[in-house]
Amino acid sequence: MIKKIIKFEHVNKKFGKNDVISDLNFSINKGEFVTVLGSSGSGKTTTLRMINGLEVPTVGDVIVNGNNVKSCNLVDLRRHIGYVVQSIGLFPHMTIAQNIAVTPNLLKWDKAKITNTIKSLLNLVGLKPEEYQNRYPVQLSGGQQQRVGVARALSTNPPIMLFDEPFSALDAITRQKLQHELKDLHKKLNDKTFFFVTHDINEALFLGDRVMVMNHGKIEQLDTPKNIVSKPATDYIKQLLSTVNQNKSLWEQFK
């Protein structure tokens, strides 16, 4: 039986008098990679932040791994959710190993378990422990820092991983490389649910098992990349897809 690990049930979110999210209804299966696509102000980041309780619905319910975000222990909830953001947020005064070990230390894991976890995660994200664990964030490139951010988010082996535009500040070559690495990582960790926010349509279509297109706080379409492209549900999605076709036409001029 497929487990619904994230559910939004008639969720509205207001900031002051403004509706940011309007009657949001969707569910995500355990192990899915769902990308959320939308322009600035579409509500995609607010939706992500409601999953780990950084925002609470004004109306409706968000159910995460069987827990209602409105009534559960948020500290405990967040310990079971990895969170990767654009700014990465590594502690500059800590080594890479110390950054990855922040939450395990708070949970009072024994030293041997923490050491093994650090080495295992650095290998998982393609950074040799003996080369990187004693460095400081300033000694790493942007792409390497983002890999460490992913490793830190995985440190307690959470069932859910949230990504808030993690690659948007990186150069195009590094960004594409990390997209491939993240897709491969999800396949290796096949029981983990990835929820990835982006404003890049190519990134959304490449990474997601399903793509959720948002506009003005509502879902325009939640479907496979193939169906999004072949059967766009709204004019807004058609406009998004036309930007891809426009770029293709531009490149054709130089062939």
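Residues numbered from 1 in each chain as written. Predicted model: local features only at pLDDT ≥ 70, side-chain atom pairs only at ≥ 80, totals over all residues. Heavy atoms only, no water.

- An unreviewed UniProt entry lists the chain under the name ABC-type quaternary amine transporter, with Lactobacillus hamsteri DSM 5661 = JCM 6256 as the source organism.

1. Notes on the overall build of the chain
Then comes step 1: Counting secondary structure elements, the chain contains eleven helices and ten strands.
Then comes step 2: Here the chain has a C-alpha radius of gyration of 19 Å; the compact-globule value for 255 residues is 18 Å, and the two agree.
Then comes step 3: With respect to the three principal axes, the spread of C-alpha positions in the chain is 55 × 55 × 40 Å.
Then comes step 4: Classification of the 255 residues of the chain by burial places 48% in the buried group.
Then comes step 5: Taking the contacts inside the chain whose residues are at least 6 apart along the sequence as the reference set, 67% of them involve residues at least 24 apart.
Then comes step 6: Here the chain contributes 33 positively and 23 negatively charged side chains, and the mean placements of these two sets differ by 4 Å. (Helix = DSSP H or I, 4+ residues; strand = E, 2+ residues; numbered from the N terminus. Rg over C-alpha atoms; globule rule 2.2 N^0.38 Å. Buried < 20%, exposed > 50% of the residue type's maximum accessible area, 1.4 Å probe, protein only. Contact = heavy atoms within 4.5 Å. Lys, Arg positive; Asp, Glu negative; His and termini not counted. Charge placed at Lys NZ, Arg CZ, Asp CG, Glu CD.)

2. A short note on the UniProt feature "domain: ABC transporter" (unreviewed entry) in the chain
Then comes step 1: UniProt's entry tags residues 6-241 with the feature "domain: ABC transporter" (unreviewed entry), counted in the numbering of this structure.
Then comes step 2: In the segment residues 6-241, helix accounts for 38% and strand for 27%; the C-alpha atoms at its two ends are 28 Å apart. (UniProt positions renumbered as here; feature names shortened; annotations may be inferred.)

3. So, the packing of helix 7 (residues 142-153) against helix 8 (residues 172-188)
Then comes step 1: Where helix 7 contacts helix 8, the axes come no closer than 11 Å and their chain directions differ by 25°. Between helix 7 and helix 8, the interaxial angle falls into the category roughly parallel. Helix-helix and strand crossings are classified by hand; for helix 7 and helix 8 the assignment is right-handed. Here G143, Q146, R147 and V150 of helix 7 come into contact with helix 8, specifically with T174, K177, L178, E181 and L185.
Then comes step 2: Residues belonging to the contact of helix 7 with helix 8 are distributed by class as follows: three nonpolar, three polar and three charged. (Axes fitted to C-alpha atoms, helices over the stretch in contact; angles between N-to-C directions. Parallel < 35°, antiparallel > 145°, perpendicular 65-115°, else oblique. Left-handed = near helix turned anticlockwise from the far one by under 90°. Nonpolar A, V, L, I, M, F, W, Y, C, P; charged D, E, K, R; others polar.)

4. Points about the environment of A169
Then comes step 1: One can find A169 in the loop between strand 7 (160-164) and helix 8.
Then comes step 2: A169 gets classed as exposed once you look at its relative accessible area, which sits at 54%.
Then comes step 3: As a C-alpha pair, A169 and G143 span 26 residues in sequence and 9.7 Å in three-dimensional space.

5. As for the side chain of S22
Then comes step 1: As for its position among the elements, S22 is in strand 2 (residues 18-29).
Then comes step 2: You can call S22 buried: its relative accessible area is 18%.
Then comes step 3: Beyond its immediate sequence surroundings of up to four residues, S22 is in contact with V11, N12, G217 and K218.

6. Thoughts on the side chain of T193
Then comes step 1: Of note, T193 is situated in strand 8 (residues 193-198).
Then comes step 2: Accessibility expressed as a relative area gives 1% for T193, which makes it buried.
Then comes step 3: Of the polar contacts made by the side chain of T193, one reaches the backbone nitrogen of G31; its length is 2.9 Å.
Then comes step 4: Ignoring any residue separated from it by four or fewer positions in sequence, one finds T193 in contact with I5, I28, N29, K30, G31, E32, P159, I160 and M161. (Polar contact = N/O pair within 3.5 Å; in protein donor to acceptor, adjacent residues only side chain to side chain.)

7. Things to note about the sheet that holds strand 8
Then comes step 1: Read across the open sheet, the six strands follow the order 6-7-8-3-9-10; overall the sheet is mixed. Two strands in the sheet have a free side with no partner beyond their single neighbour: strand 6 (81-85) and strand 10 (218-223). Each strand of the sheet is rotated relative to its neighbour by a mean of 15°, with strand direction disregarded.
Then comes step 2: The sheet contact formed by strand 7 and strand 8 spans five bridges and is parallel. Of the residues in strand 8, the one forming a bridge with F163 is F196. (Pairing = 2+ DSSP bridges.)

8. Description of the pattern of salt bridges
Then comes step 1: One pass over the structure, following the stated rule, counts ten salt bridges.
Then comes step 2: In this structure, K14 and D19 form a salt bridge, with 3.3 Å as the shortest nitrogen-oxygen distance.
Then comes step 3: Its salt-bridge partner being R49, residue E55 comes within 3.5 Å of it at the nearest N-O pair.
Then comes step 4: R49 sits in the partly exposed class, given a relative accessible area of 27%.
Then comes step 5: Through salt bridges with shared partners, one network takes in K13, R49 and E55. (Salt bridge = Lys/Arg side-chain N within 4 Å of Asp/Glu carboxyl O.)

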